Amino acid sequence: GSYDQTAKVWEAASGREHLTLKGHRDRVSSVGFSTEGHRIVTGSFDQTARVWDAASGIPVGSPLRHRATVVHTAFSPDGRRVVTASSDGTARVWNRDSGLPAAPPLPQGAGVLRASFAPDGRRVLTASADWTARVWDLAAIIPVTPTFRHENRVTKATFSSDGRRVATASDDMTGRIWDAASGEPISSALNHSREVLDVAFSPNSETVVTACWDGTAHVWDSLSSREVMPPLHHGSGIVHAVFSGDG
């Protein structure tokens, strides 16, 4: 996504432009493919998200409207629903094709910075500027655990591959790993010298990687919270870190 109000799809082999997605009225903040690759979702500072046909670039359904910037978007594992996170203090779940709400809004006390589905598709995880992350049951539309609480805004929250644990990153200079059912921390905090901007599990969930504003990424054992290798250094703050598919 770009400040030019578009998103583009490129051919991976040749690097040639395949599609330009036009329709937003402000910069595009988030882009993602559905699991099967047939749909794309974008979020924008124009207070909407949009779903697109990945083959034609034509919008599918109505715009998904919030009352402030849509910061993040993600598909459900089956690709039939979309979750959006917004600065208006809510996450929302939508039907992919109709653009209609699939559940009532999920409210937090401040802007929602990330939202994603659990691997089973029945829960949604939100990370918020209100210093908490929460797991929501989409059938009951209630938090299913106590809040995962930090001492500053939670910049990222993600499920493990089996959905049994949650990892969070925060501006309080820590990452944490939690039991997704009880809401209890599994081990000690993952301490850094600056704000932690991203966290991700490895495919087998045995390790996690964190990205820090101090220019380092760290890889940790997800049960013991011990670092498993020396820090990985960049020349400035790291905003994103991810494992390869084979871990």
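Residues numbered from 1 in each chain as written. Predicted model: local features only at pLDDT ≥ 70, side-chain atom pairs only at ≥ 80, totals over all residues. Heavy atoms only, no water.

Visitor: Hey, could you run me through the environment of Ser202 in this one?
Guide: Looking at the secondary structure, you find Ser202 in the loop between strand E20 (196–201) and strand E21 (207–212). With 96 residues separating them along the chain, Ser202 and Leu106 place their C-alpha atoms 28 Å apart. Sequence-distant contacts of Ser202, defined by excluding residues within four places in its chain, comprise Thr207 and Phe243. (Helix = DSSP H or I, 4+ residues; strand = E, 2+ residues; numbered from the N terminus. Contact = heavy atoms within 4.5 Å.)

Visitor: Help me out: how do you make sense of the pattern of salt bridges in this one?
Guide: Evaluated as defined, the whole model comprises 12 salt bridges. Notably, a salt bridge pairs Arg134 with Asp130, separated by 3.9 Å at the nearest N-O pair. By the burial criterion, Arg134 is buried, and Asp130 matches it. Residue Glu195 is joined to Arg194 by a salt bridge in which the shortest nitrogen-to-oxygen separation is 3.0 Å. Here the residues in one salt-bridge network are Glu36, Arg39, Asp53, Arg96 and Asp97, joined through shared partners. (Salt bridge = Lys/Arg side-chain N within 4 Å of Asp/Glu carboxyl O. Buried < 20%, exposed > 50% of the residue type's maximum accessible area, 1.4 Å probe, protein only.)

Visitor: In this structure, what is going on with the nonpolar core? I would like to understand it.
Guide: Soluble globular proteins tend to bury their nonpolar side chains together. One finds Val83, Ala91, Val93, Leu106, Phe117, Val124 and Leu138 to be the most contacted residues of the largest nonpolar core, which totals 14 residues. Within the residue set of this core, elements represented by two or more residues are strand E8 (81–86), strand E9 (90–95) and strand E11 (112–117). When residues in this core are grouped by element, the largest group, three residues, is from E11. Setting aside anything within four residues of it in sequence, one finds Ala91 in contact with Val83, Thr84, Ala85, Pro105, Leu106, Val112, Ala115 and Thr126. Leu125, Ala127, Val135 and Val154 belong to the second-largest nonpolar core, a separate cluster that totals 12 residues. (Core = buried A, V, L, I, M, F, W, Y, C linked by side-chain atoms within 4.5 Å.)

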